[in-house]
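Listed here are the chains, written in short residue letters.
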Amino acid sequence: MSTQSPPDHDKARRKIKAVKKMKDIMMLYYIDAKTADQNGKKVAWITSGGPVEPLIAMDVIPVYPENHGAMIGASKMGADLCEKAEAMGYARNLCSYARCDIACATVNGGPIGGLPKPDMLICCNNICGTVLKWYEVQARFFGVPLFILDTPFNHTDYTTEAHQYIQRQLQEYIVFLETHCGRKMDHDRLAEVGRLSIAGQRLWQQVLDMAANRPAPMSAFDAFFHLSLIVTLRGTQTVVDYYTELLDEMKTRVAEGIGAVPAERYRLLWDNLPIWFRTRWLSERFGAHGACLVADTYTSSWAGSLKYLDEDDFLGSMAEGYSRIYINIGTDQMAERVIEMVQKYGADGLVLHSNRSCKPYSLGQYDIQRIVQQQMGIPALLIEADMNDARNFSEGQIETRIDAFMEILKAGKGAVC
Ligand code: SF4
């Protein structure tokens, strides 16, 4: 781990070069998806925590309404689309990704003129129950088949019964794909896709781990951006190549003492989804105090199940890997993971985004805050907002709370904010 002295400000502000490549890859990916029917390919919409590897192995292009939702949020188009969904009769307290996607589909709205029409939908409830109804609505709207993978919640342990239950459904998933693609699954190809998926996740974790250095060469705000590939193209060589390059760049930045935040003084851990329409503002607000958000529970989720996956038996280990993801485990286990991250990244404080949209992510946050504070003695800040719906963001209030929290941090007190 690097402990070099803080770099000068010009060096510290150096942009991450891989950003352009990432944008190019994502642009090509969406062009491919939008022209899929002209190229004889099928498109499947899939939830962000869903098992994508069988789709890649069947040459089906996976499209993620949640990734699109993040783009909508970052483009500041979320509140308008949410209002449109509410005018269609959906409740304002429904997840803003769901509202944006449902409204977007009816008008081909959003920053890329809507998503390509799906040939099928794959819904895995390891992230929440909202996706079940959301995908049912979209399956009816587009008149396409829907496959639901039901992953029981892991309150404490992962049971044999749960494993067998999910494993059987994964077999049904493959039959579903074979039926709708009109050909058999190539299991050798699936095993290879599985190996690439694990390789991509390992590299992603290594990239995130570079932020354990001081100064951190990237922040959680950078991770929010670079996350897109491990979500959308997991299981492909593209992901492995890209994160290899990004990791090399991070190593160079560490060797040269380049930090994401000039003269980094405080290191924070973020919990929950980003507030997409305010990432720059938040980055600047924390940066003004010399604080870097060095890690977060959200982007780490896409490498959090590595220990359950077996590259020599990907299909056999998928059930556990996809079931034991961060928001499908009990609050005590979540707190344990947060504590591990506080220790690994040397965080001085915890910032929790209480997200109006994402109830399963936000539900146990007060308990996690209490457990982490008791065990680690670090201050914590809870911000109430929403990842996409800007109507649930009070700038003045949040600015005041961040400033107060940073004063507490500077004074070295472990008080709750
Ligand atoms: S409720 Fe949370 S997990 Fe579910 S779709 Fe919305 S943001 Fe994702």
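Right above here is the structure, for reference.
Quick caveat: nothing in here was measured; it's all calculated off a predicted structure.

1. Regarding the overall build of the chain
Okay, step 1: Helices and strands together make up the secondary structure of the chain, namely 19 helices and eight strands.
Okay, step 2: Its C-alpha radius of gyration of 21 Å places the chain within 12% of the 22 Å reference for a compact globule of 417 residues.
Okay, step 3: The principal-axis extent of the C-alpha atoms belonging to the chain is close to 65 × 50 × 45 Å.
Okay, step 4: When each of the 417 residues of the chain is scored for burial, the buried share is 59%.
Okay, step 5: Sequence-distant contacts in the chain: of pairs separated by 6 or more residues, those separated by 24 or more amount to 79%.
Okay, step 6: Carbon and sulfur atoms make up 51% of the accessible area of the chain, which amounts to about 16,900 Å² in all.
Okay, step 7: A gap of 5 Å separates the mean positions of the 44 positive and 50 negative side-chain charges of the chain.

2. Remarks on the pattern of salt bridges
Okay, step 1: Applying the stated criterion across every chain, the model contains 23 salt bridges.
Okay, step 2: Of the charged contacts, one joins Lys133 and Glu136 as a salt bridge, the two residues approaching to 3.0 Å between their closest N and O atoms. Of this pair, Lys133 and Glu136 both sit in helix H7 (residues 130-142), three residues apart, which is roughly one turn of that helix.
Okay, step 3: For Lys133, a relative accessible area of 56% puts it in the exposed group.
Okay, step 4: Across the salt bridge formed by Arg324 and Glu320, the nearest N and O atoms sit 2.7 Å from each other.
Okay, step 5: A relative accessible area of 16% means that Arg324 is categorised as buried.

3. Details of the nonpolar core
Okay, step 1: The biggest cluster of nonpolar side chains holds 145 residues, and the ones touching the most others in it are Ile122, Trp204, Tyr243 and Phe286.
Okay, step 2: Beyond its immediate chain neighbours, meaning those up to four positions away, Trp204 contacts Ala223, His226, Leu227, Ile230, Tyr243, Thr299, Trp302 and Ala303.
Okay, step 3: With seven residues, the next largest nonpolar core counts Leu81, Ala85, Cys100 and Cys104 among its residues.

4. Observations concerning the side chain of Thr47
Okay, step 1: Residue position: Thr47 is located in the loop between strand E1 (43-46) and helix H3 (53-57).
Okay, step 2: Using a relative accessible area of 0% as the deciding quantity, one classes Thr47 as buried.
Okay, step 3: A polar contact is formed between the side chain of Thr47 and the backbone nitrogen of Cys124, at a distance of 3.0 Å.

5. Some points on the site of the ligand
Okay, step 1: Near the ligand, the surroundings consist of Glu66, Cys95, Tyr97, Ile127, Cys128, Val131, Trp134, Leu273, Ile327, Ser357, Cys358 and Met387.
Okay, step 2: Looking at the shell around the ligand residue by residue, the class counts come to ten nonpolar, one polar and one charged.

6. Things to note about the sheet that holds strand E8 (residues 380-385)
Okay, step 1: The four strands lie next to each other as E6-E5-E7-E8, forming an open sheet whose pairing is parallel. Each edge of the sheet is formed by a strand with only one pairing partner; in this case those strands are strand E6 (291-296) and E8. The average angle at which neighbouring strand axes cross in this sheet is 30 degrees, direction not considered.
Okay, step 2: Here strand E7 (residues 349-355) pairs with E8 via six bridges, running parallel. Within E8, the residue paired with Leu350 across the bridge is Ala380.
Okay, step 3: The strands that helix H13 (residues 279-287) touches are strand E5 (266-271), E6, E7 and E8; relative to E6, the one it contacts most, it runs at about 125 degrees.

7. Observations regarding the sheet that holds strand E4 (residues 146-149)
Okay, step 1: Pairing is parallel in the open sheet, where four strands are placed in the order E2-E1-E3-E4. Sheet topology places strand E2 (61-63) and E4 at the edges, where each strand pairs with a single neighbour. Strand after strand, the sheet turns through a mean of 25 degrees between neighbouring axes, direction not considered.
Okay, step 2: Of the pairings in the sheet, the one linking E1 to strand E3 (residues 120-124) comprises three bridges and is parallel in character. From the neighbouring strand, Trp45 faces E3, where its bridge partner is Leu121.
Okay, step 3: Lying on the sheet, helix H8 (residues 160-181) is in contact with E1, E3 and E4; it crosses E4 at an angle near 165 degrees.

What counts, and where the lines are drawn
Residues numbered from 1 in each chain as written. Predicted model: local features only at pLDDT ≥ 70, side-chain atom pairs only at ≥ 80, totals over all residues. Heavy atoms only, no water. Helix = DSSP H or I, 4+ residues; strand = E, 2+ residues; numbered from the N terminus. Rg over C-alpha atoms; globule rule 2.2 N^0.38 Å. Buried < 20%, exposed > 50% of the residue type's maximum accessible area, 1.4 Å probe, protein only. Contact = heavy atoms within 4.5 Å. Areas by Shrake-Rupley, 256 points an atom, 1.4 Å probe, with all protein chains shown as cover. Lys, Arg positive; Asp, Glu negative; His and termini not counted. Charge placed at Lys NZ, Arg CZ, Asp CG, Glu CD. Salt bridge = Lys/Arg side-chain N within 4 Å of Asp/Glu carboxyl O. Core = buried A, V, L, I, M, F, W, Y, C linked by side-chain atoms within 4.5 Å. Polar contact = N/O pair within 3.5 Å; in protein donor to acceptor, adjacent residues only side chain to side chain. Near = heavy atom within 4 Å. Nonpolar A, V, L, I, M, F, W, Y, C, P; charged D, E, K, R; others polar. Pairing = 2+ DSSP bridges. Axes fitted to C-alpha atoms, helices over the stretch in contact; angles between N-to-C directions.

Scope: geometric values only; no functional claims are made or implied.
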